[in-house]
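# Report on the structure
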Amino acid sequence: MGARRSLGRQFGWLWAAYTVSTFGTRLAFDAFPLIAILVLHAGPTEVSVLAAAGLAVGAAVAVPLGPWVEFRRKRPVMVAMDLIRCAALLSVPAAFALGRLGFVQLLVVSVIVVAADITFNAAGGACLKALVKRQDLLVANGRFEATTWTATVLGPPLGGAAIGLFGPVVTVVADAVSYLLSAVGIRAIGGREPRPARPDARPRLRAGDLLDGWRYILTHPTLRPLFSNTLLVNGLIMASQPLLAVLMLGHLGFAPWQYALAFAVPCTGGLIGSRLARRLVARFGQHKVMLTAGTLRACWALGLAFIRPGTAGLVLVMAVELGLITCMGVFTPVFSTYRLELTASDRVTRTLTAWSVTGKATTAAMTGLWGLLAGLTSPRTAIALAGLLLLATPLLLPRRAPAPHPERQLAGGCT
């Protein structure tokens, strides 16, 4: 069975590093908003600014890092990003202990962490493509996806309990330590990593290089529609989440534990989907599975507009989220593999950086826009509009499988 196949010691260390940092991040889920509310007594506007500005400014800071990382060894960059995130996060409990923690510091740390996240993930994608054989990419991405959903199920409840027992900054410390352990795991991969060579003799980054990732995506006949689809789907789903919290916890009177349960239990669907992905691809083909799962994941969110108080409403949320997350569990590893296969090795970091930067900026903008829309109408109306727009997003998925990519043989080592 594909999930049990060994992908080698080097991938094992990469997976271990991903696992520990992902669990740390999920353990610290919503830590900054909680600190802002509980410690700094911030209001709704400040909490919204913290969430949106961290994404938007962090994404802007990461723009020049993609071209810069492309022609450098990836593992040292990944280690550096882990250490930067660790140091930035540790500054929060240090300032808290000294009584000097302020809103501006939370905002700056949020920006640093977002920029480092984008850079790490882009370098990590290039590293994975070079480290794992092409036929094993889907298995590797499936394992990452399963790890993500496992951490999502376990992390937030454990983090909430830890905050209740030890105070609001304890999960930030755990997250910082997880990045330190991730850096150790990346260093343990071992093996020789050659320095990527530039295709030309230019030693320095030019201003035009900053747009290379977007040029590659927008001129690629298959990546372009996938790019538009994933931006809109992710943006609409994420823009609805704060409004759903307001609707459930405020207007409908659900208890916080019910709200947490409504999203924790359906995350098991991500585990199921990630386990099914490879089997479905083996039976039906990569493109057909991606198209089908990508279409189905757009069909659930409209149901959230029909939530009512009580047990029936809670069951409806769980059913909708279970269907959505299961489809995402299938789609994401197949899509991630598909994207890596279609991207030339000397373009991976720039492409993934451009993708991530645009995704975070789009999510920030749509979250703000949907918050304004909810203020003018109601949270239920805004959630319904997001669900209706999601129904149209499958039209952006590529209808035909691309021609075989000339780059099929992947060398070992992170290049």
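This section reports on the structure supplied with the text.

Rules and cut-offs
- Residues numbered from 1 in each chain as written.
- Predicted model: local features only at pLDDT ≥ 70, side-chain atom pairs only at ≥ 80, totals over all residues.
- Heavy atoms only, no water.
- Helix = DSSP H or I, 4+ residues; strand = E, 2+ residues; numbered from the N terminus.
- Polar contact = N/O pair within 3.5 Å; in protein donor to acceptor, adjacent residues only side chain to side chain.
- Contact = heavy atoms within 4.5 Å.
- Axes fitted to C-alpha atoms, helices over the stretch in contact; angles between N-to-C directions.
- Parallel < 35°, antiparallel > 145°, perpendicular 65-115°, else oblique.
- Left-handed = near helix turned anticlockwise from the far one by under 90°.
- Nonpolar A, V, L, I, M, F, W, Y, C, P; charged D, E, K, R; others polar.
- Salt bridge = Lys/Arg side-chain N within 4 Å of Asp/Glu carboxyl O.
- Buried < 20%, exposed > 50% of the residue type's maximum accessible area, 1.4 Å probe, protein only.
- Patch = residues over 30% accessible without salt bridge, like charges linked within 9 Å, V, L, I, M, F, W, Y side chains within 5 Å.
- Areas by Shrake-Rupley, 256 points an atom, 1.4 Å probe, with all protein chains shown as cover.
- Expected span 1.5 Å × (residues − 1).
- Bend = angle between axes of the 7 residues up to and from the residue.

We now examine the side chain of Thr119. Residue position: Thr119 is located in helix 6 (residues 103–131). Within polar-contact distance, the side chain of Thr119 engages the backbone oxygen of Ala115 at 3.0 Å. When neighbours within four sequence positions are excluded, Thr119 is seen to be in contact with Ala62, Leu65, Val69, Val77 and Met81.

What follows is about the packing of helix 12 (residues 268–284) against helix 13 (residues 286–296). At a closest axis distance of 7 Å, the pairing of helix 12 and helix 13 adopts a crossing angle of 125°. As far as their axial angle goes, helix 13 and helix 12 are oblique. In this structure, helix 12 crosses over helix 13, and the sense of that crossing is right-handed. Taken together, the residues of helix 13 that come into contact with helix 12 (itself represented by Leu280, Val281 and Phe284) are Gln286, Lys288 and Val289. For the contact of helix 12 with helix 13, the residue count by class is four nonpolar, one polar and one charged.

With that out of the way, let us pick up the pattern of salt bridges. This structure, assessed with the given rule, holds five salt bridges. A salt bridge links Glu341 to Arg134, with the nearest nitrogen and oxygen atoms 3.6 Å apart. Note that Glu341 is positioned in helix 14 (residues 311–342) and Arg134 in the loop between helix 6 and helix 7 (137–166), a separation of 207 residues in sequence. The partly exposed category is assigned to Arg134, whose relative accessible area is 32%. Put simply, Asp212 and Arg350 hold a salt bridge, and the shortest N to O gap is 3.0 Å. Here the residue Asp212 occupies a position in helix 9 (residues 212–218), and Arg350 occupies one in helix 15 (residues 348–376), the gap between them amounting to 138 residues. When sorted by exposure, Asp212 lands in the same class as Arg350, which is buried. Each of Asp82, Arg85 and Asp117 takes part in a single network of salt bridges with overlapping partners.

Along the polypeptide, Thr353 turns up in helix 15. For the pair Thr353 and Trp68, spaced 285 residues apart in the sequence, the C-alpha separation amounts to 11 Å. In this structure Thr353 touches Ala62, Val63, Gly66, Ile118 and Ala122, once residues within four positions along its chain are discounted.

Turning next to the environment of Gly235. The residue Gly235 is located in helix 10 (residues 223–251) in this model. Look at Gly235 and you get buried, because its relative accessible area is 0%. C-alpha separation for the pair Gly235 and Ala365, spaced 130 residues apart in sequence, amounts to 8.5 Å. Apart from the residues lying within four places of it in its own chain, the contact partners of Gly235 are Thr363 and Met366.

To continue, consider a nonpolar patch on the surface. Taken together, the side chains of Ile84, Val104, Val108 and Ile112 define a hydrophobic patch exposed on the protein surface, amounting to about 320 Å² of accessible area. With three residues, helix 6 is the largest single contributor of residues to the nonpolar patch. Of note, Val108 is situated in helix 6.

Let's shift gears to the environment of Arg399. Tracing the backbone shows Arg399 in the segment after helix 16 (379–392). Considered as a pair, Arg399 and Pro225 are 174 residues apart in the sequence and their alpha carbons are 9.6 Å apart. Discounting residues that sit within four places of it in the chain, Arg399 has contacts with His287, Leu291 and Pro394. There is a polar contact of 2.4 Å between the side chain of Arg399 and the backbone oxygen of Pro394.

This part covers helix 12. Every α-helix winds through 3.6 residues per turn, so residues three or four apart in the chain are directed the same way. For helix 12, spanning 17 residues, the distance from its first C-alpha to its last is 24 Å, which sits close to the expected 24 Å at 1.5 Å a residue. Of all bends in helix 12, the biggest is about 35°, found at Ala277. Residues Gly269, Gly270, Gly273, Ser274, Ala277 and Val281 constitute the buried set of helix 12. Those residues of helix 12 that are buried lie in contact with helix 7, helix 13 and helix 14.

Bringing the packing of helix 2 (residues 31–38) against helix 6 into the picture now. Packing of helix 2 against helix 6 brings their axes to within 11 Å, and their N-to-C directions diverge by 175°. In terms of their interaxial angle, helix 2 and helix 6 are classed as roughly antiparallel. Judged by residue contacts, Phe32, Ile35 and Ala36 of helix 2 engage Leu106, Val109 and Ser110 from helix 6. Residue composition of the contact of helix 2 with helix 6, by class: five nonpolar, one polar and no charged.

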